[in-house]
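Listed below, chain by chain, are the residues.
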Amino acid sequence: MEDTYQILKQLVEIPSPAGNTFEIISFIDEYLHALDIETKRNNRGALIVTLPGKDTHLHRLVTAHVDTLGAMVKEIKPSGRLTIDLIGGLTFNSIEGENCKIETSSGRVYTGTILMHQTSLHVYKDSAKAERNQANMEIRIDEKVTNADDVRSLGIKVGDFISFEPRMELTPSGFIKSRHLDDKVCVVIMLQLLKKLHKEEISLPYTTHFLFSNSEEIRYGGNASVPSETVEYLALDIGVIGDGQASDEYTVSICAKDSSGPYHLGLRKSLQHLAEKNNIAYNLDIFPFYGSDASAAIYAGHDIVHGLIGPGVDATHAYERTHLSSIQHTSSLLFYYLQSNLMENDRK
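Criteria and cut-off values
Residues numbered from 1 in each chain as written. Predicted model: local features only at pLDDT ≥ 70, side-chain atom pairs only at ≥ 80, totals over all residues. Heavy atoms only, no water. Helix = DSSP H or I, 4+ residues; strand = E, 2+ residues; numbered from the N terminus. Rg over C-alpha atoms; globule rule 2.2 N^0.38 Å. Buried < 20%, exposed > 50% of the residue type's maximum accessible area, 1.4 Å probe, protein only. Contact = heavy atoms within 4.5 Å. Areas by Shrake-Rupley, 256 points an atom, 1.4 Å probe, with all protein chains shown as cover. Lys, Arg positive; Asp, Glu negative; His and termini not counted. Charge placed at Lys NZ, Arg CZ, Asp CG, Glu CD. Pairing = 2+ DSSP bridges. Axes fitted to C-alpha atoms, helices over the stretch in contact; angles between N-to-C directions. Arc of directions from axis to C-beta. Salt bridge = Lys/Arg side-chain N within 4 Å of Asp/Glu carboxyl O. Phe/Tyr/Trp six-rings, centres within 6.5 Å; stacked < 30°, edge-to-face > 60°. Lys NZ or Arg CZ within 6 Å of the ring centre and 35° of its normal. Core = buried A, V, L, I, M, F, W, Y, C linked by side-chain atoms within 4.5 Å. Parallel < 35°, antiparallel > 145°, perpendicular 65-115°, else oblique. Left-handed = near helix turned anticlockwise from the far one by under 90°. Nonpolar A, V, L, I, M, F, W, Y, C, P; charged D, E, K, R; others polar. Polar contact = N/O pair within 3.5 Å; in protein donor to acceptor, adjacent residues only side chain to side chain.

Visitor: When you look at the overall build of the protein chain in this model, what are you seeing that I'm missing?
Guide: Counting secondary structure elements, the protein chain contains seven helices and 19 strands. Its C-alpha atoms give the protein chain a radius of gyration of 21 Å, within 12% of the compact-globule value 20 Å for 348 residues. Principal-axis analysis of the C-alpha atoms gives the protein chain an extent of 65 × 40 × 40 Å. Burial status across the protein chain gives 55% buried among its 348 residues. Taking contacts inside the protein chain between residues at least 6 apart in sequence as the whole, the part at least 24 apart equals 75%. Here the protein chain displays about 15500 Å² of accessible surface, and carbon together with sulfur accounts for 49% of that area. Side chains of the protein chain give 33 positive and 46 negative charges; the mean places of these two sets differ by 2 Å.

Visitor: Just to check I follow, could you spell out the pairing of strand S17 (residues 282-286) for this structure?
Guide: Burial of S17 is one-sided: the residues Asn 283 and Asp 285 facing one way are buried, the residues Tyr 282, Leu 284 and Ile 286 facing the other way are not. Both strand S15 (residues 252-258) and S17 contribute to a ladder of five bridges, which runs parallel. Bridge pairing in S17 links Cys 255 to Asp 285.

Visitor: For this particular structure, what's the right way to read the sheet that holds strand S19 (residues 320-323)?
Guide: In any sheet, the strands associate via hydrogen bonds between backbone groups, in a parallel or an antiparallel arrangement. Judged by pairing direction, the sheet is antiparallel, and its three strands sit side by side in the order S10-S11-S19 without closing on themselves. Looking at strand neighbours, the two that pair on one side only are strand S10 (169-170) and S19, the edges of this open sheet. Here four bridges tie strand S11 (residues 175-178) to S19, and the two strands are oriented antiparallel to one another. The residue bridging Ser 178 from the neighbouring strand is Glu 320, located in S19. Contacting S11 and S19, helix H4 (residues 181-199) crosses the sheet at an angle of about 30° to S19. Along the sheet, helix H7 (residues 324-338) contacts S10, S11 and S19; its crossing angle with S19, the most-contacted strand, is approximately 65°.

Visitor: Can you walk me through helix H1 (residues 2-12) in this structure?
Guide: Owing to its 3.6 residues per turn, the α-helix brings residues three or four apart onto one side. The set of residues buried in H1 consists of Thr 4, Tyr 5, Ile 7, Leu 8, Leu 11 and Val 12. For H1, the arc enclosing every buried residue in end-on projection is 170°, short of the 170-degree limit, so these residues lie on one face.

Visitor: Looking at this structure, how should I read the pattern of salt bridges?
Guide: Opposite charge on two side chains permits them to pair, given that their charged atoms come into close proximity. Here the structure, examined in full by the defined rule, presents 14 salt bridges. Of the charged contacts in the structure, one is a salt bridge between Glu 232 and Arg 60, with a shortest N-O distance of 3.1 Å. Pair noted here: Glu 232 is in strand S13 (residues 230-236) and Arg 60 is in strand S3 (residues 55-65), with a separation of 172 residues, a long-range link. You'll find Glu 232 and Arg 60 in the same group, each marked buried. Measuring nitrogen to oxygen at the nearest pair gives 3.2 Å for the salt bridge that ties Glu 138 to Arg 81. Residue Glu 138 is located in strand S8 (residues 137-141), and its partner Arg 81 is located in the loop between strand S4 (70-76) and strand S5 (82-87); the two are separated by 57 residues in the primary sequence. Glu 138 sits in the buried class, given a relative accessible area of 1%. With relative accessibility at 28%, the residue Arg 81 sits in the partly exposed group. Through salt bridges with shared partners, a single network forms among Lys 77, Arg 81 and Glu 138.

Visitor: Would you mind going over the packing of aromatic side chains with me for this structure?
Guide: Centre-to-centre distance and the angle between the planes together describe a pair of aromatic rings. Scanning the entire structure with this criterion turns up three aromatic pairs. Taking the centre distance of 6.0 Å and the plane angle of 65° together, the rings of Phe 175 and Tyr 250 count as edge-to-face. One end of the pair, Phe 175, is in strand S11; the other, Tyr 250, is in the loop between strand S14 (239-240) and S15, and 75 residues separate them in sequence. Where Phe 287 meets Tyr 290, the ring centres are 4.8 Å apart and the plane angle is 45°; that geometry is what we call tilted. There is no split in this pair, since Phe 287 and Tyr 290 are both buried. Directly above the aromatic system of Phe 335 lies the positively charged group of Lys 196, at a separation of 5.1 Å from the ring centroid. Taking NZ or CZ as reference, Arg 321 lies 3.8 Å from the ring centre of Phe 175, over its face.

Visitor: What exactly am I supposed to notice about the nonpolar core here?
Guide: One broad rule of soluble globular proteins: the nonpolar side chains tend to lie buried together. By size, the foremost hydrophobic cluster in this structure holds 70 residues, and its most contacted members are Ile 28, Leu 32, Phe 210, Phe 212 and Leu 236. No other element matches H4, which puts 11 residues into this core. One finds Ala 71, Ile 102, Met 116 and Ile 162 within the second-largest nonpolar core, a separate group that totals 25 residues.

Visitor: Would you mind showing me how to read the packing of helix H5 (residues 265-277) against H7 here?
Guide: In a packed pair of helices, the relevant descriptors are the angle between the two axes and the axis-to-axis distance. It is at 10 Å that the axes of H5 and H7 come closest, and there the two elements cross at 110°. As the angle between them shows, H5 and H7 are arranged roughly perpendicular. Every pair of crossing elements has a handedness; the one defined by H5 and H7 is right-handed. Residues Leu 267, Leu 271, Leu 274 and Ala 275 of H5 form the contact with H7, whose participating residues are Leu 333, Tyr 336 and Tyr 337. A breakdown of the residues in the contact of H5 with H7 according to their chemical character gives seven nonpolar, no polar and no charged.

Visitor: Looking at this model, I keep getting lost on the side chain of Ser 127. Mind explaining?
Guide: For Ser 127, the position within the fold is in the loop between strand S7 (109-116) and S8. Among the polar contacts made by the side chain of Ser 127, one reaches the main-chain carbonyl oxygen of Gln 118 at a distance of 2.5 Å. Leaving out residues up to four positions away in the same chain, Ser 127 has contacts with Met 116, Gln 118, Thr 119, Leu 121 and Arg 132.

The analysis is restricted to geometry; functional conclusions fall outside its scope.
If you want it as structure tokens, here you go:
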């Protein structure tokens, strides 16, 4: 798993808030080209790998998304601090105190910290009670600026992208802690699988497309570039953990339903059967406030069977954590799924 960890570390350290994913897509493109794996990009900038299968008439598609939560500069304040506008399903309290980067349109990058305006308890006695919202939260830039003109002279403008420091760490007990495990941990799973298939010259039963989507966090990442021959569409994304949830950090989560509705029952049963047959630890779960690339494809009108699996991740959309065992179980289920027969008997 050391190789998996090192690639994941590289990925999470590349800023890729939704809307600004060119760099990470290019990194993945170069990684795959080094393995002599052909790729192509769609007009949205997502990356696609197609592996011809023994059956070229019925296709599968697997996806994981490279885009993350982030923010943009909303306003340059007279004080020289920045108001931010959030990208994706994020809360302000989850990023309070976080170090960040501001990327200008020219490519210059500045660092800063996201803080409450009323942070200092020596000045604001009610700081703890103040609401964590756009009006109260701001970025303190790590430059000598005292007013808006000073900030503008740096090249910082409204609309510049803001990314958060991942602070990735692997513990001796096998936990990985980091921002942006959603969904870069699944991107790594997909990359490692492609590497294995190529290196071991494993032929798949059906032509299979691997889509690295780049706008899932804003709800439409995987609804394009779905070939008409596609029968099954499997999204790789994180399982969520909390009160009332069955998912944990040690198994692969198989999603039965999210806020878009139930996932295809027949495909879900096939995934369960594969897990049980191959001694893969899994949990079935329902994600109440969640959508995936697969559900986006359904909303877009694609005639597909859709499913969702992924490693269990704690504290999603904040400082996240998972365990190496969950990554391994997810990788194993994906490997066996891609070599299995299509779920022929229940595609209605």
